[in-house]
Amino acid sequence: MTVKELCSNYNLKFQTVYKKITHHKDKELAGHITKVKGESIELDDFAVDFLLPTHVKVLQAIEECEGIARENAELQDKLESAETDAEQANEHLSKSLADNEKLLAEIDRLKSSLSEKDKEISELSEQLEAERRKSKQAIEECDKRINELTEENRLLTEKYEAIPKIFRKNQ
């Protein structure tokens, strides 16, 4: 920054700034001031800070504090919002956990019921298999009896056929 820019930016008098530069150029400002093109003087950040009057530094500090206070208020708002979000998330999580417990209990109940149904199905399957065996045995016995009766009928038919027609009744 040049001396002209410093004076313009902070509403300082050139004469006051040049006087302070002249007085401190060999001690505090040594190495912090550069002459450019023989006319203007270039100042680094240290020189700018050194040349600023105390009231300007105080105003800058106040502005900086106000900025920090604004940032702090914004952060406080964000913190409160985050706390609210966290509380809502915690409530949602608690509700979800309670729902999960209910669902786990329902799953256990259904598993138990399913186990009972499986047992009933197994018992009914065994009964069905026993009935099937009985039915198959009864069918085999009936088939055997039908075969016996068929054979007996065949023999009786042969005997009947062997009887002459005149001895047969109703012919």
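Definitions and limits used
Residues numbered from 1 in each chain as written. Predicted model: local features only at pLDDT ≥ 70, side-chain atom pairs only at ≥ 80, totals over all residues. Heavy atoms only, no water. Core = buried A, V, L, I, M, F, W, Y, C linked by side-chain atoms within 4.5 Å. Buried < 20%, exposed > 50% of the residue type's maximum accessible area, 1.4 Å probe, protein only. Helix = DSSP H or I, 4+ residues; strand = E, 2+ residues; numbered from the N terminus. Contact = heavy atoms within 4.5 Å. Axes fitted to C-alpha atoms, helices over the stretch in contact; angles between N-to-C directions. Parallel < 35°, antiparallel > 145°, perpendicular 65-115°, else oblique. Left-handed = near helix turned anticlockwise from the far one by under 90°. Nonpolar A, V, L, I, M, F, W, Y, C, P; charged D, E, K, R; others polar. Arc of directions from axis to C-beta. Patch = residues over 30% accessible without salt bridge, like charges linked within 9 Å, V, L, I, M, F, W, Y side chains within 5 Å. Areas by Shrake-Rupley, 256 points an atom, 1.4 Å probe, with all protein chains shown as cover. Salt bridge = Lys/Arg side-chain N within 4 Å of Asp/Glu carboxyl O. pLDDT = per-residue confidence, 0-100.

Val 3, Leu 6, Val 17, Ile 21, Leu 43 and Leu 51 are the most contacted members of the largest nonpolar core, which totals 15 residues. Elements represented by at least two residues in this core include exactly α1 (3-10), α2 (14-24), β2 (40-43) and α3 (45-51). Here this core takes 4 residues from α3, the largest share from any one element. If sequence neighbours within four positions are ignored, Leu 51 has contacts with Leu 6, Val 17, Lys 20, Ile 21, Leu 29 and Leu 43.

The next thing to look at is the packing of α1 against α2. The geometry of α1 relative to α2 is characterised by a closest axis approach of 10 Å and an angle of 130° between their N-to-C directions. With respect to α2, the element α1 is oriented oblique. For α1 against α2, the interelement crossing comes out right-handed. Contacts between α1 and α2 pair Val 3, Lys 4, Leu 6 and Cys 7 from the former with Phe 14, Val 17, Tyr 18 and Ile 21 from the latter. Along the lines of polarity and charge, the residues of the contact of α1 with α2 split into 7 nonpolar, no polar and 1 charged.

Here the focus is α2. Along α2, the residues that are buried comprise Val 17, Ile 21 and His 24. The arc that holds every buried residue of α2, seen down its axis, measures 85°, which confines them to one face. Facing away from the buried side of α2 by over 90 degrees, the exposed positions are Gln 15, Thr 16, Lys 19, Thr 22 and His 23.

With that settled, consider a nonpolar patch on the surface. Side chains of Val 58, Leu 59 and Ile 62 sit close together on the surface and give an oily, nonpolar patch of about 250 Å² of accessible area. Examined against the element boundaries, Ile 62 turns out to sit in helix α4 (residues 54-162).

Chain-level pLDDT for the chain is 90 on average; 96% of the residues reach the 70-or-more range. Averaged pLDDT values over the elements of the chain bottom out at 82 in strand β1 (residues 33-36) and peak at 94 in α4.

In this section: the pattern of salt bridges. Inspection of the entire model under this criterion finds 7 salt bridges. The closest approach of N and O atoms between Glu 129 and Arg 132, which form a salt bridge, is 2.4 Å. With a gap of 3 residues between them, Glu 129 and Arg 132 both fall in helix α4, about one helical turn apart. With a shortest N-O distance of 3.6 Å, Arg 145 and Glu 148 are connected by a salt bridge. Note that Arg 145 and Glu 148 are positioned in helix α4 at a spacing of 3 residues, about one turn of the helix.

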